[in-house]
Amino acid sequence: MRRWLLAAAVVAVAAVVGPVKAQQPIIIKFSHVVSPDAPKGKAAIRFKELAEKYTNGKVKVEVYPNSSLYKDKEELEALQLGSVQILAPSISKFGPLGVKEFDVFDLPFLMSDDARARQMYASPLMTELNKKLVAKDVEPLAYWDNGAHVYTCNKPLIMPDDFKGLKMRIQGSKVLDAVARELGAIPQIMAFSELYQALQTGVVDGEDNVPSNILTQKFYEVQKNLTVSYHGRLTYALITNAKFWDGLPEDVRTPLTRAVHETTDFFNETAAKDNADALEKIKASGRIQVHLLTDEEKKAWVAKLMPVHQEMQKRFGKDFIEKIYKASGFTPPES
Ligand code: LMR
């Protein structure tokens, strides 16, 4: 009798545990550092909606904006450890992963055209670079190009000499470090979450970013000048933990892949307009002086920064840089 009862209990427990386990939604934590109103913030929400819809509730996506779960550097470590499942960091922050090649996209004035940049990030050129990420347990799902950078500072930045002696916040990339040094500035790597306070208190004099971040983080309220220089770009890689992704059942991974593609389309359709609108709102606030570089001034900036391209041949190899020039449409100016 006791043996029968025990067997019945085992069957009953299995009956309960089995289906409950199968019904449990898979939790995907999506952590990022920007405002929910910035292009990446909006895309994260869109991804959540699509992922939950297409997986019929098998997946639940929790979005953590504004560095509320992890800051820049921590989030990459957390992804590799499996504590978070999706991130969309700027590719200028991949150095600490031990993948230096992504810094090449920070070469000054490399890409001036949104469509061309997107084409490049979707091209086979990225295949080799993607393999380097996978070797670090990081699976790239898509690239989201958020457009061109402008500078903000407490001093007008019109000619390259204006940067002399200024403390400028940079993302982690070695190319961005070289750019700041070439301009005579003092580069300071800093997490995005710390930037507002650093600008407000004068820990740094300036930074570069896209207008949508400058608006949604209110940097324009604590900076006196903005220069529309479009000297660099902000590109995100939508990444996941490779083991997590590979371990997903097919009937979950396929709809999630669909959600990724549609979110990427959404990002591409909205980011450029969001950044253009943000620049107009910043101007209209009247709180910051906005200067658009003239062709002459831009020429001087390009000439000043070309030595960074040459210096970086040592780091990346001339062939690789020339491949990137071809893909991005960059022609070095005649010297
Ligand atoms: C920055 O750190 O300046 C940006 O990359 C933040 C972001 O993710 O847009």
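This text goes with the structure placed above it.
Here's what I pulled together on the structure shown here. (Residues numbered from 1 in each chain as written. Predicted model: local features only at pLDDT ≥ 70, side-chain atom pairs only at ≥ 80, totals over all residues. Heavy atoms only, no water.)

Let's talk about the layout of surface pockets
Volume-wise, the largest pocket comes out at about 290 Å³. In this structure, the largest pocket is lined by 21 residues; those nearest its centre are D114, G147, A148, Y230 and R233. Counting only elements with at least two residues in the lining of the largest pocket, the list comes to α4 (114-121), β4 (138-148) and α10 (250-285). Among the elements that take part in the lining of the largest pocket, α10 stands out by supplying 5 residues, more than any other. The computed volume of the second largest pocket comes to approximately 210 Å³. Around the second largest pocket, the lining is made up of 15 residues, and of these Y121, A122, S123, A142 and Y143 lie nearest the centre. Counting residues per element, the ones that place at least two in the lining of the second largest pocket are α4, α5 (125-134), β4 and α10. A total of 6 residues in the lining of the second largest pocket trace back to one element, the largest contributor, which is β4. (1 Å grid on protein atoms, 1.4 Å probe; cavity = no way out; pocket = protein on both sides within 12 Å on 5 of 7 lines; lining within 4 Å. Points joined across faces, edges and corners; volume = space filled by probe spheres on them. Helix = DSSP H or I, 4+ residues; strand = E, 2+ residues; numbered from the N terminus.)

Looking at the pattern of salt bridges
Taken as a whole and judged by the stated rule, the model has 19 salt bridges. Close ionic contact of E322 with K318 constitutes a salt bridge, the shortest N to O distance being 3.4 Å. Here E322 and its partner K318 are both found in helix α13 (residues 318-328), 4 residues apart, which amounts to about one turn of the helix. Its relative accessible area of 42% is what places E322 among the partly exposed residues. Assessed through its relative accessible area of 46%, K318 is described here as partly exposed. What emerges from the salt-bridge pattern is a single network uniting D114, D145 and R233. (Salt bridge = Lys/Arg side-chain N within 4 Å of Asp/Glu carboxyl O. Buried < 20%, exposed > 50% of the residue type's maximum accessible area, 1.4 Å probe, protein only.)

What about the site of the ligand?
The environment of the ligand is made up of V33, V34, K40, S90, K93, R169, Q171, F192, N209, N213, L234 and Y236. Contact distances for the ligand include 3.1 Å between an oxygen atom and a side-chain N or O atom of Q171. Note that an oxygen atom of the ligand is positioned 2.9 Å from one of the side-chain N or O atoms of N209. Bound to the protein, the ligand loses 100% of the 260 Å² it would expose on its own. (Near = heavy atom within 4 Å. Polar contact = N/O pair within 3.5 Å; in protein donor to acceptor, adjacent residues only side chain to side chain. Areas by Shrake-Rupley, 256 points an atom, 1.4 Å probe, with all protein chains shown as cover.)

Quick notes on the nonpolar core
Formed by 55 residues in total, the largest nonpolar core has its most connected members in F94, F102, F105, L107 and Y121. Those residues within four positions of F105 in sequence are excluded, and the remaining contacts are I91, L110, M111, M120, Y121, M126, L129 and I324. (Core = buried A, V, L, I, M, F, W, Y, C linked by side-chain atoms within 4.5 Å. Contact = heavy atoms within 4.5 Å.)

Considering the sheet that holds strand β1 (residues 26-31)
Sheet strands line up and pair through hydrogen bonds in the backbone, either parallel or antiparallel. Overall, mixed pairing links the 5 strands, which are arranged β2-β1-β3-β10-β4 in an open sheet. Of all strands in the sheet, those bounded by a partner on one side alone are β2 (59-64) and β4. As paired strands, β1 and strand β3 (residues 86-87) are joined by 2 bridges and run parallel to one another. From the neighbouring strand, F30 faces β3, where its bridge partner is I86. (Pairing = 2+ DSSP bridges.)

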